[in-house]
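Structural features, examined
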Amino acid sequence: MRNYTTQMDAARKGILTPELEIVAKKENMTTEALMKLVAEGKVAICANKNHVGLNPEGVGSMLRTKINVNLGVSRDCKDYDIEMQKVMSAVKLGAEAIMDLSSHGNTQPFRQKLTHECPAMIGTVPVYDSVIHYQRDLATLTAQDFIDVVRLHAQDGVDFVTLHCGITRKTIEQIKKHKRKMNIVSRGGSLVFAWMSMTGEENPFYEHFDEILDICEEYDVTISLGDACRPGCLADATDVCQIEELVRLGELTKRAWDHNVQVMVEGPGHVPLDQVAANMKVQQSICMGAPFYVLGPLVTDIAPGYDHITAAIGGAVAAMNGAAFLCYVTPAEHLALPNVEDVKQGIIASKIAAHAADIAKGIPGARDQDDRMADARQKLDWEKQYACALDPETAKAIRDSRSPEDDHSDTCSMCGKFCAVRSMNKALAGEYIDIL
């Protein structure tokens, strides 16, 4: 019988949960050190008590950088079987979290399938599901309708929910006054903004925050405080709307912690490269070290089709400076719902960014795989090189498609016998070095 409500509550009571013990082993930390961070809110272990078969992970800037994969069906792409293919691909490639952002159809069976079969953390955005669940237009929904969907997702076993609690009636006037280029680009944020505009009422996720905290405490759901005013282009980065919302998210973080509810804070967005580090430091200060969950950030607006690269550049700098959780971005960003290959490309790009940041941060053991790769390359041991690769299948397929000739099969086909590694190995061994 659990004698605690949430992972934070357990940590504050000095209770070692099975999830915390697993995370401590993964992070090469003592349970005492990790427990202190969870108790302080600097690490979140997103673990709904109803998520069967969860392989728990910790999210915090002092741990390995984690990545999230967004998926889900839409009106134009309705195949849940394809979405499950994406899920399995994401887990195989090492994604620590899956967010189901479905906006069409009967969403609950798919959500329950995820929380009963997928070992990764599962996240959702309940405001998306509200219109779908009730099959009613946005303006006809009540505040209680939104809260009830949060409860439904918690009961279904979702580990974290993105809630856009930080925009209020005041934000409507700010958006009109400051005349952003892209206004609000957050899908959930725009729905809350639209609902407030049409009904004249206050943001239900802000106004009824205490009731939401009761639900999250009961099921041990982590709140991911959504950044409705995240910049959607470089011109809107780090503006009044973004920072004012961040200040409110800091206030809500404190209220959640007082309720023993774990928090992550979501961040930008599109940000010029020279502003990324500053954004991370401002968030850490205003939100008291709560784990920061960033979308990208994308460091240029002009690369549709390659935004997995623009996001990886920003993500590496963000994580190096304190972001704990990177939401992947695929080549389809701004263009279409990603297919299975897009998902793979997005995950690999985010994993590279996260890994590069972990090395820069000095995370214990982060460079071990790189050192093993260097040893394998020095020995021209191709099988060991594949074993060290983030994507062994692609690496092997490239070499096999352009394999070298038999008399220099130990090298690759770019340098052939001009291979520096081959020449140095032979020279240091006192052997004759044939080039022609």
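Read on for an overview of the structure. The shown structure was predicted, so the numbers you read here are calculated from the model rather than taken from an experiment.

Reading the values: rules and limits
Residues numbered from 1 in each chain as written. Predicted model: local features only at pLDDT ≥ 70, side-chain atom pairs only at ≥ 80, totals over all residues. Heavy atoms only, no water. Helix = DSSP H or I, 4+ residues; strand = E, 2+ residues; numbered from the N terminus. Rg over C-alpha atoms; globule rule 2.2 N^0.38 Å. Buried < 20%, exposed > 50% of the residue type's maximum accessible area, 1.4 Å probe, protein only. Contact = heavy atoms within 4.5 Å. Lys, Arg positive; Asp, Glu negative; His and termini not counted. Charge placed at Lys NZ, Arg CZ, Asp CG, Glu CD. Salt bridge = Lys/Arg side-chain N within 4 Å of Asp/Glu carboxyl O. Disulfide = S-S within 2.5 Å. Core = buried A, V, L, I, M, F, W, Y, C linked by side-chain atoms within 4.5 Å. Axes fitted to C-alpha atoms, helices over the stretch in contact; angles between N-to-C directions. Parallel < 35°, antiparallel > 145°, perpendicular 65-115°, else oblique. Nonpolar A, V, L, I, M, F, W, Y, C, P; charged D, E, K, R; others polar. Phe/Tyr/Trp six-rings, centres within 6.5 Å; stacked < 30°, edge-to-face > 60°. Pairing = 2+ DSSP bridges.

So, on to the overall build of the protein. Summing up its helical and strand segments, the protein has 19 helices and ten strands in all. A globule of 436 residues ought to have a C-alpha radius of gyration of about 22 Å, and the protein, at 23 Å, matches this closely. If you line up the protein on its principal axes, its C-alpha atoms span 85 × 50 × 40 Å. Sorting the 436 residues of the protein into buried and exposed places 54% on the buried side. In the protein, the share of contacts with a sequence separation of at least 24, taken over all contacts with a separation of at least 6, comes to 71%. Each charge sign in the protein was given a centre, from 45 positive and 60 negative side chains, and these centres are 2 Å apart.

In this structure, the amide linkage connecting Pro-268 to the following residue, Gly-269, adopts the cis form with an omega of 25°. With respect to the element layout, Gly-269 can be found in the loop between β8 (263-267) and α13 (273-286). Unlike most non-glycine residues, Gln-135 shows phi in positive territory, near 55°. Secondary-structure assignment places Gln-135 in the loop between α6 (126-134) and α7 (143-155). When its relative accessible area of 63% is taken as the criterion, Gln-135 is described as exposed. Of note in this structure, Asn-260 is not a glycine but carries a positive phi near 65°.

Tallied over the full model, the rule gives 32 salt bridges. Arg-2 is paired through a salt bridge with Asp-220; the nearest N and O atoms lie 3.7 Å apart. Here Arg-2, found in the segment before α1 (7-12), pairs with Asp-220, found in the loop between α11 (209-219) and β7 (222-225); they are 218 residues apart in sequence, far enough to count as distant. You can call Arg-2 partly exposed: its relative accessible area is 31%. Within this structure, Lys-26, Glu-27, Glu-57, Arg-64, Lys-66, Glu-96 and Lys-351 form a network of salt bridges that share partners.

Summed over all chains, the structure comprises zero disulfides. Cys-415 carries a free sulfur, and the closest cysteine sulfur to it, the one in Cys-412, is 5.4 Å from it.

The next point concerns the nonpolar core. Core analysis: the largest hydrophobic core is formed by 110 residues, its most contacted members being Val-69, Ile-98, Phe-160, Phe-205, Ile-223, Leu-225 and Val-265. Top element by residues in this core is helix α15 (residues 340-361). It accounts for seven residues.

Where helix α8 (residues 169-178) contacts helix α9 (residues 187-199), the axes come no closer than 10 Å and their chain directions differ by 100°. Between α8 and α9, the angle is such that the two are roughly perpendicular. Residue-level inspection shows Arg-169, Thr-171, Ile-172 and Ile-175 of α8 in contact with α9, the latter providing Phe-193, Met-196 and Ser-197. For the contact of α8 with α9, the class distribution of residues is four nonpolar, two polar and one charged.

Attention shifts here to the packing of aromatic side chains. Two aromatic rings, taken as a pair, are described by how far apart their centres are and by the angle between their planes. Here the structure, examined in full by the defined rule, presents six aromatic pairs. Centroid distance Phe-146 to Trp-195: 5.5 Å. Interplanar angle 85°. Geometry classified as edge-to-face. Of this pair, Phe-146 sits in helix α7 while Trp-195 sits in helix α9; the two residues are 49 residues apart in sequence, bridging distant segments of the chain. Neither Phe-146 nor Trp-195 differs from the other in exposure class; each is buried.

Attention shifts here to the pairing of strand β4 (residues 97-100). Because side chains alternate across β4, one face comprises the buried residues Ala-97 and Met-99, and the other comprises Ile-98 and Asp-100, equally buried. Bridging between strand β3 (residues 66-71) and β4 involves four bridges; their strand directions are parallel. Bridging from a neighbouring strand, Asn-70 pairs with Met-99 of β4. Alignment of β4 against strand β5 (residues 121-124), held across four bridges, turns out to be parallel. The partner of Ala-97 across the bridge, within β5, is Met-121.

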